[in-house]
Structure formats: C-alpha cells, structure tokens
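# Coordinate inspection notes
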Amino acid sequence: MKKIIFLAIILIGTLFILEQILGKDPNKKSLEFMPDMVYSVAYRSESPNPHFENGQTQQNPVVGTIAHGYKPYHYENSVEESIRAGEELFSPFNEQNPPDLKRGKKMFQVYCQVCHGAGGEGNGIVTKRGYPPPPSLLLENAKNMKNGQIYHIITKGYKNMPSYSSQVERQDRWQIVSYIRTLQEVKND
Ligand code: HEC
C-alpha cells in the first residue's frame, strides 16, 4: 500500500513539473530544451541590415540579371532593328523540323486577320472602320522580308502596327511566319 502511495506521489509530482515546463497558455512558448536551429540568424528580407551599404537586407539584382524563364529580346522597335533581326534571327522550322501550319493558320486568324485579312491582302475588318490598312503581305516588300524580320514585326510591332509579343508566344510567332510564307508562296528557309 505504501508503495502505491509513493508511486502516486511521484506520478503527480512528475505531472506537476511537466505542466510547469510545458505551460498552460498555448500562445506562450514553453520551456525550450535544445532549440537547435529554430531561431535563424538570417535577416528577414524586408528587415534593415547593417552589413550592407544601403542598410537593407533585400538587394537589387546585379545589373544584367535575367529572371528564370525570361528570354531577353535584344532588338528595339524600329525599321532598322527589324532588318537587323531579319539578318540574325532564324526560324526553328525547316524541312527536318516542319512547322505546324494548322497552328500557324489558327494563330494568324486570331491575331493578324482582323487587320491583314484572311488572305493577307490587308483588307481585314478593322480597316473598314478607320484603322490604317496595312500593305498586302502578298506584295514584294513583305515577300522579300526575311523570316526573322516578320518575327520581329510580330514581337515589336511596326510603324502603325502594335506589338503582339504579349499575346503570341515565341514558338507561335514562328508558326505564323511559316503560315504567311505559304500565303505568299515563298519558300520558308
Ligand atoms: C491592329 C491591326 C494589325 C494587326 C492585328 C496586325 N497588324 Fe501587321 N500591320 C498593321 C499595319 C497598319 C501595318 C503597316 C504598318 C505601317 O507601315 O505603318 C502592318 C504591317 C505588317 C507587316 C509589314 C508589311 C510590309 O510590307 O510593310 C507585317 C509582316 C505584318 N504586319 C505582320 C503581321 C502579323 C504576322 C500579325 C499577326 C501576329 C499582324 N501583322 C497583326 C496592322 C496590324
């Protein structure tokens, strides 16, 4: 009997000590026993920081940094730059890797046809409502443009034509170029 009472006292005592250690208030931290790396020595990104000259933790990216997944485009919006792009940018499509002309046609219908017309003649619906009509894509001027120049025109726009880079992704721009080549009956090289 004595033993049981003794054990009960030890048990109650242990529970009492545990309660003191763990605490009653769930919002309050209880006693920390080996906190390991709970408290990081690192500065929070928005906090001040005495180790940098500008006193901030968060630093500006180094000049020339390119965000992951972002592909820079090194040509400005001008006729000269479109010609330079024509010399330097090449379609990923060729005989070994043929374009998806169905996709090119669809993209042309969605993004170009309103102005350039279904056949590329420059008679799209908006030209009947006062928008300056573009020259026909079937004329020598557009026929003689290099693939890269047409790609550039879609990317940056051209004189009265706005840029379509935010609507048409890069691969689809080349698909459109290939499709225009079929309208023009120009070899897509
Ligand atoms: C909002 C109307 C509009 C849309 C949409 C449009 N364009 Fe244009 N585009 C023009 C105009 C206007 C010009 C003539 C620009 C100038 O000379 O002032 C032009 C010029 C061009 C030229 C140069 C033609 C030449 O001989 O000078 C090409 C190539 C071209 N566009 C391709 C496209 C492609 C490809 C698309 C679809 C991704 C497209 N355009 C969408 C209005 C448009």
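Let us look at the structure shown here. (Residues numbered from 1 in each chain as written. Predicted model: local features only at pLDDT ≥ 70, side-chain atom pairs only at ≥ 80, totals over all residues. Heavy atoms only, no water.)

Turning to the environment of Glu-185, a few remarks are in order. Tracing the backbone through its elements, the reader meets Glu-185 in the segment after helix 7 (170–184). Counting along the chain gives 47 residues from Glu-185 to Leu-138, while the straight-line C-alpha distance between them is 8.7 Å. (Helix = DSSP H or I, 4+ residues; strand = E, 2+ residues; numbered from the N terminus.)

Attention now moves to helix 6 (residues 147–156). Counting buried residues in helix 6 gives nine out of ten residues, a clear majority hidden from the surface. Just beyond helix 6, the residue with positive phi is Gly-157, at close to 85°. (Buried < 20%, exposed > 50% of the residue type's maximum accessible area, 1.4 Å probe, protein only.)

Taken as a class, soluble globular proteins show a tendency for nonpolar side chains to be buried jointly. Leu-89, Phe-108 and Ile-176 are the most contacted members of the largest nonpolar core, which has 23 residues in total. If you list the elements that add at least two residues to this core, you get helix 3 (101–111), helix 6 and helix 7. Ranked by residues supplied to this core, first place goes to helix 7 with five residues. (Core = buried A, V, L, I, M, F, W, Y, C linked by side-chain atoms within 4.5 Å.)

Together, Leu-11, Leu-15, Phe-16, Ile-17, Leu-18, Ile-21, Leu-22 and Leu-31 give the surface a local cluster of nonpolar side chains, amounting to about 810 Å² of exposed area. Its location among the elements puts Leu-15 in helix 1 (residues 2–22). Relative accessible area serves as the criterion here: at 52%, Leu-15 is assigned to the exposed category. (Patch = residues over 30% accessible without salt bridge, like charges linked within 9 Å, V, L, I, M, F, W, Y side chains within 5 Å. Areas by Shrake-Rupley, 256 points an atom, 1.4 Å probe, with all protein chains shown as cover. Salt bridge = Lys/Arg side-chain N within 4 Å of Asp/Glu carboxyl O.)

In this section: the coordination of the iron atom of the ligand. Those donors, His-116 (NE2) and Met-161 (SD), are the protein atoms that reach the iron atom of the ligand, and they lie 2.0 to 2.1 Å from it. Around the iron atom of the ligand, the six donor atoms are arranged such that angles at the metal cover 83 to 177°; this shape is classified as octahedral. Note that His-116 is positioned in helix 4 (residues 113–116) and Met-161 in the loop between helix 6 and helix 7, a separation of 45 residues in sequence. (Donors = N, O, S within 2.8 Å, 3.2 Å for Na, K, Ca; no water. Tetrahedral: all angles 85-135°; square planar, octahedral: opposite > 155°, others 65-115°.)

Before going further, it helps to spend a moment on the site of the ligand. Around the ligand sit 22 residues in total, of which Cys-112, Cys-115, His-116, Met-161 and Tyr-164 are the nearest. Residue Asn-141 places a side-chain N or O atom 2.9 Å away from an oxygen atom belonging to the ligand. A majority-of-atoms criterion places the ligand in the largest pocket. Elements represented by at least two residues in the shell around the ligand include exactly helix 4, helix 5 (140–144), helix 6 and helix 7. The biggest single contributor to the shell around the ligand is helix 4, with three residues. Here the residues of the shell around the ligand are counted per class, giving 18 nonpolar, three polar and one charged. (Near = heavy atom within 4 Å. Polar contact = N/O pair within 3.5 Å; in protein donor to acceptor, adjacent residues only side chain to side chain. 1 Å grid on protein atoms, 1.4 Å probe; cavity = no way out; pocket = protein on both sides within 12 Å on 5 of 7 lines; lining within 4 Å. Sits in = over half its atoms within 2 Å of the grid points. Nonpolar A, V, L, I, M, F, W, Y, C, P; charged D, E, K, R; others polar.)

Let us now look at the packing of aromatic side chains. The tally for this structure, following the rule as stated, stands at four aromatic pairs. On the basis of an interplanar angle of 45° and a centroid distance of 6.2 Å, the ring pair of Tyr-73 and Tyr-151 is categorised as tilted. Of this pair, Tyr-73 sits in the loop between helix 1 and helix 2 (79–88) while Tyr-151 sits in helix 6, placing them 78 residues apart in sequence. The same class applies to Tyr-73 and to Tyr-151, which are both buried. Judged by centre distance (5.6 Å) and plane angle (55°), the ring pair of Phe-108 and Tyr-179 falls under tilted. Taken together, the residues span a long stretch of sequence, with Phe-108 in helix 3 and Tyr-179 in helix 7 at a distance of 71 residues. Grouping residues by exposure puts Phe-108 and Tyr-179 together as buried. Members of the aromatic cluster, each reached through a chain of ring pairs, are Tyr-73, Tyr-75, Tyr-151 and Trp-174. (Phe/Tyr/Trp six-rings, centres within 6.5 Å; stacked < 30°, edge-to-face > 60°.)

With that out of the way, let us pick up the environment of Thr-182. Within the element layout of this structure, Thr-182 appears in helix 7. Thr-182 sits in the partly exposed class, given a relative accessible area of 37%. For the pair Thr-182 and Tyr-111, spaced 71 residues apart in the sequence, the C-alpha separation amounts to 17 Å. At 2.5 Å, the side chain of Thr-182 forms a polar contact with the backbone oxygen of Tyr-179.

Of the voids in this model, the largest pocket is the one considered here, and its volume is about 590 Å³. Forming the boundary of the largest pocket are 27 residues, of which His-116, Pro-134, Ile-153, Tyr-158 and Met-161 lie nearest the centre. Only helix 3, helix 4, helix 5, helix 6 and helix 7 provide two or more residues apiece to the lining of the largest pocket. With three residues, helix 6 is the single largest residue contributor to the lining of the largest pocket. Considering only residue class, the lining of the largest pocket consists of 22 nonpolar, four polar and one charged. (Points joined across faces, edges and corners; volume = space filled by probe spheres on them.)

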